[in-house]
Amino acid sequence: MRPVLVFDGDCGFCTTCVRFVERYLRPDATIIAWQFADLGELGVTRERAEYELLWVDQRGRAFGGAQAVAKLLIRAGLPWSAPGLLLRVPPVRWLAHWLYRAVADNRGRLPGGTPACALPADRRPLQR
């Protein structure tokens with residue numbers, strides 16, 4: 001099984017970031033919006049997928065938030081793997097977690113984001 005990157009397909013900011021990843025990082029991974037993923041098969045809950053970006057590795061282990069970003073960068077190879085490895089080491093890891101949460105909690109205000117990004121998934125206008 002290839003690793004799987006699970007993102008919020010209803011969020012404009014998240015989708016913009018994923019398009020960047022697909023174009024420039026090209027990791028050897030499956031990238032899918034949680035709205036279209038079989039979350040049970042991946043071993044993650046909808047609540048967790050709504051809360052943070054997820055990386056599910058070949059063994060079925062799920063990493064979320066900044067650690068999902070770190071795993072993605074590592075999988076993309078050089079030069080991206082160097083910052084990915086750095087994101088795994090304290091105290092950078094702690095700072096990365098804080099920064100990820102700040103971005104995720106404010107994604108509706110960021111470039112590419114929409115007001116719907118700030119809403120819980122079940123209250124978004126285009127809920128699937």
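Computed from a predicted structure; not experimentally measured.

Enquirer: What am I meant to see in helix H6 (residues 92-105) here?
Expert: One turn of the α-helix equals 3.6 residues, which is why residues spaced by three or four share an orientation. Under the 1.5 Å per step criterion, the end-to-end length of H6 is 20 Å for 14 residues, consistent within 8% with the ideal 20 Å. Buried-residue contacts for H6 involve helix H3 (46-51) and helix H4 (66-76).

Enquirer: Hey, could you run me through the nonpolar core in this one?
Expert: As a rule of thumb, nonpolar side chains are buried together in soluble globular proteins. Ranked by size, the top nonpolar core spans 23 residues in total, and within it Phe7, Leu25, Leu53, Trp55 and Leu72 carry the most contacts. Mapped onto this core, the elements with two or more residues apiece are strand S1 (4-7), helix H1 (12-25), H4 and H6. Ranked by residue count, the leading element in this core is H4, at six residues. Dropping the residues within four chain positions of it, Leu25 is found in contact with Phe20, Leu72, Leu73, Ala76 and Trp80. Counting residues in hydrophobic clusters, the runner-up holds 10 residues, among them Val4, Ala37, Val44 and Val56.

Enquirer: Where do I start with the side chain of Arg101 in this structure?
Expert: For Arg101, the position within the fold is in helix H6. Relative accessible area serves as the criterion here: at 11%, Arg101 is assigned to the buried category. Ignoring any residue separated from it by four or fewer positions in sequence, one finds Arg101 in contact with Tyr51 and Glu52.

Enquirer: Mind showing me how you'd approach the sheet that holds S1 here?
Expert: Either a parallel or an antiparallel arrangement is found when strands of a sheet pair, and the pairing is made through backbone hydrogen bonds. Spatially, S2-S1-S3-S4 is the arrangement adopted by the four strands of the open sheet, whose pairing is mixed. Of all strands in the sheet, those bounded by a partner on one side alone are strand S2 (30-33) and strand S4 (62-64). For this sheet, the mean angle separating the axes of adjacent strands, direction not counted, is 20 degrees. Examined bridge by bridge, strand S3 (residues 54-56) and S4 share three bridges and lie antiparallel to one another. Among the inter-strand pairings, Leu54 is bridged to a residue of S4, identified as Gly64. The strands that H4 touches are S1, S3 and S4; relative to S4, the one it contacts most, it runs at about 110 degrees.

Enquirer: Got a minute to help me understand the packing of aromatic side chains in this structure?
Expert: What characterises a pair of aromatic rings is the spacing of the ring centres plus the angle enclosed by the ring planes. Scanning the entire structure with this criterion turns up two aromatic pairs. Their ring planes at 40 degrees and their centres at 4.9 Å tell us that Phe20 and Tyr24 sit as a pair that is tilted. Highlighted residues: Phe20 and Tyr24, both in helix H1, separated by four residues, approximately one helical turn. Ring geometry for Phe20 and Trp80: centres 6.3 Å apart, planes at 90 degrees, overall edge-to-face. Separated by 60 residues along the polypeptide, Phe20 in helix H1 and Trp80 in the loop between H4 and helix H5 (81-86) bring together distant segments of the chain. What makes Trp80 partly exposed here is its relative accessible area of 28%. Taken together, Phe20, Tyr24 and Trp80 form an aromatic cluster joined through their ring pairs.

Enquirer: Would you mind showing me how to read the pattern of salt bridges here?
Expert: Close approach of charged atoms allows side chains of opposite charge to pair. This model, assessed by the stated rule, comprises eight salt bridges. A salt bridge links Arg61 to Asp57, with the shortest nitrogen-to-oxygen separation between them at 2.7 Å. Overall, the relative accessible area of 5% leaves Asp57 in the buried class. One salt bridge connects Asp105 with Arg101, and the closest N-O pair in it is separated by 2.9 Å. One end of the pair is Asp105 and the other is Arg101, both in helix H6 and four residues apart, which spans about a single turn. Exposure remark for Asp105: the relative accessible area of 54% places this residue in the exposed category. A single network of salt bridges, built from pairs that share partners, joins Arg2, Asp28 and Arg75.

Criteria and cut-off values
- Residues numbered from 1 in each chain as written.
- Predicted model: local features only at pLDDT ≥ 70, side-chain atom pairs only at ≥ 80, totals over all residues.
- Heavy atoms only, no water.
- Helix = DSSP H or I, 4+ residues; strand = E, 2+ residues; numbered from the N terminus.
- Expected span 1.5 Å × (residues − 1).
- Contact = heavy atoms within 4.5 Å.
- Core = buried A, V, L, I, M, F, W, Y, C linked by side-chain atoms within 4.5 Å.
- Buried < 20%, exposed > 50% of the residue type's maximum accessible area, 1.4 Å probe, protein only.
- Pairing = 2+ DSSP bridges.
- Axes fitted to C-alpha atoms, helices over the stretch in contact; angles between N-to-C directions.
- Phe/Tyr/Trp six-rings, centres within 6.5 Å; stacked < 30°, edge-to-face > 60°.
- Salt bridge = Lys/Arg side-chain N within 4 Å of Asp/Glu carboxyl O.

Fair warning: the whole summary comes from geometry, so function is off the table for now.
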